[in-house]
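Structure at a glance
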Amino acid sequence: MRTWAEIDLDSLAYNIKKIKKLSHNKEIMAIIKADAYGMGAVTIARELSNLGINIFGVSSLEEAIELRNYSVTDDILILAGMYEEELELAKRYNLQITVTNFDQLEQVAQKDLDIPIHIKVDTGMGRVGFNPGDVKSALKFAKEKNLNIIGIYSHLSVADESNEESIEYTKKQLEKFKEFEKIENIKYIHILNSGGILKFGENRKDNLVRSGIILYGVYGEGLIEGLKRVFTLKSKVLFIKTLEEDSDISYGRTAKAKKGEMIATISVGYADGFRREFSNVGDVEIHGIKCPIVGKVCMDMLMVKIPKEIKEKIEIGDEVIVMGEDIFEKSKLINISIYELFTGLSRRVGRVYLKHGVPHIVNNLIGKI
Ligand SMILES: *Cc1c(COP(=O)(O)O)cnc(C)c1O
């Protein structure tokens, strides 16, 4: 493989234990939408299921059905609202749905399918959900129609930000949600996402947390102390040259390199998910040494300058760490969120799952799951 994501399953298992502690033993719903943030939803679900996670959150009906098609039998909640035309399939595949307004509640009642429902309340995210003041009548309606309400939840918008204003805002959201924590006979009450788990894990009477990016040892503000980093993006040296004259490098001639400099070409590009914004600003690591990216990142390749420390050592095929320990700094460098770096990994990037430091499962374009 030319470019692959290494995903350390031992670190994932370690993190689950820690997250359980951080959330004061609440049940963990693992959020594995967007192909488990690029880590591979099916493999991650199977692994987490073995680690005792029995409920998963995905974004869409199709993501949920993919998991069912690969024999994931645990509970699955579709988080991102619902469409009426999805209800039959949601029932057939034994999925849980999120209902965000009265119209949807009526649609579900009309179909009479006995689908498990989580009621979503908007406490300040400003995206989807009932107004807090409408929840009571929603629950009343649900009771009259004999609907199967098994959850009530809300979502935090700035839980991963540490500035004073954000902390206050999150506290307000938690405060608004408090009245729903008192409701009895609903199985799951949940509001905490990764940032929430980290900073407000002791939160009162909720009994389920929605754990997303924290599974991989990172969150919106960086690596998390006490958790292990799960993900590393790796690639290989494809070509090496020592310049015989001053030269322009890559598309657009945005970089000049000097005679005598050593330039290596690496088999990773923006079509793998390594963003073009890293052109002339980022670096990669070879033999433990940072090598600055020169010129524009191409679709399938990029060029780096080889520092003198490793000029004698470097060879074609050498392993390159494209993003590892520095993933958070990298996201800052080009001003995007770490979520985007993860979820941008493309289909052709191999996924190599490690156990005890060696490949345990390898998924790529020619060998699947
Ligand atoms: C994506 C998502 C999460 C998980 O978010 P993280 O920040 O990755 O923990 C939780 N809840 C909802 C509703 C989501 O959409």
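Residues numbered from 1 in each chain as written. Predicted model: local features only at pLDDT ≥ 70, side-chain atom pairs only at ≥ 80, totals over all residues. Heavy atoms only, no water.

Let's talk about the pattern of salt bridges
Evaluation of the coordinates by the stated rule reveals 19 salt bridges. One salt bridge in this structure joins Glu221 and Lys199, with 3.6 Å as the shortest N-O distance. Within this pair, whereas Glu221 is found in the loop between strand E10 (218–219) and strand E11 (222–223), its partner Lys199 is found in helix H9 (residues 194–200), the two being separated by 22 residues in sequence. Residue classification places Glu221 among the partly exposed positions, given a relative accessible area of 34%. A salt bridge links Glu261 to Lys305, with the shortest nitrogen-to-oxygen separation between them at 3.3 Å. (Salt bridge = Lys/Arg side-chain N within 4 Å of Asp/Glu carboxyl O. Helix = DSSP H or I, 4+ residues; strand = E, 2+ residues; numbered from the N terminus. Buried < 20%, exposed > 50% of the residue type's maximum accessible area, 1.4 Å probe, protein only.)

Quick notes on the nonpolar core
The biggest cluster of nonpolar side chains holds 112 residues, and the ones touching the most others in it are Ile32, Ile44, Leu48, Tyr216, Ile286, Val304 and Phe342. Two domains each provide a minimum of three residues to this core, namely domain 1 (8–216) and domain 2 (231–368). Once residues lying within four places of it in the same chain are set aside, the contact partners of Leu48 are Leu12, Ile16, Ala30, Ile32, Ile53, Phe56 and Leu215. (Core = buried A, V, L, I, M, F, W, Y, C linked by side-chain atoms within 4.5 Å. Domains from an automatic or database assignment. Contact = heavy atoms within 4.5 Å.)

Considerations on helix H8 (residues 164–181)
Over its 18 residues, H8 runs 25 Å from end to end, which matches the ideal 26 Å to within 8%, given 1.5 Å per residue. Among the residues of H8, Ser166, Thr170, Gln173, Leu174, Phe177, Phe180 and Glu181 are the ones counted as buried. Contact partners of the buried residues in H8: helix H7 (135–144), strand E7 (149–153), strand E8 (188–190) and H9. (Expected span 1.5 Å × (residues − 1).)

Here's the deal with the packing of helix H6 (residues 102–111) against H7
Running from N to C, H6 and H7 point in directions that differ by 10°, and their axes come no closer than 11 Å. Relative to H7, H6 is oriented roughly parallel. Of the residues in H7, those touching H6 at Phe102, Leu105, Glu106 and Ala109 are Ser137, Ala138 and Phe141. (Axes fitted to C-alpha atoms, helices over the stretch in contact; angles between N-to-C directions. Parallel < 35°, antiparallel > 145°, perpendicular 65-115°, else oblique.)

Some remarks on the environment of Thr254
Position of Thr254 among the secondary structure elements: in the loop between strand E13 (247–249) and strand E14 (255–257). Between the C-alpha atom of Thr254 and that of Glu221, which follows or precedes it by 33 residues, the distance is 32 Å. Not counting residues within four places of it along the chain, the set of residues in contact with Thr254 comprises Ile249, Asn280, Gly295 and Lys296. Side chain to side chain, Thr254 and Asn280 meet in a polar contact 2.9 Å long. (Polar contact = N/O pair within 3.5 Å; in protein donor to acceptor, adjacent residues only side chain to side chain.)

These figures capture arrangement, not role.
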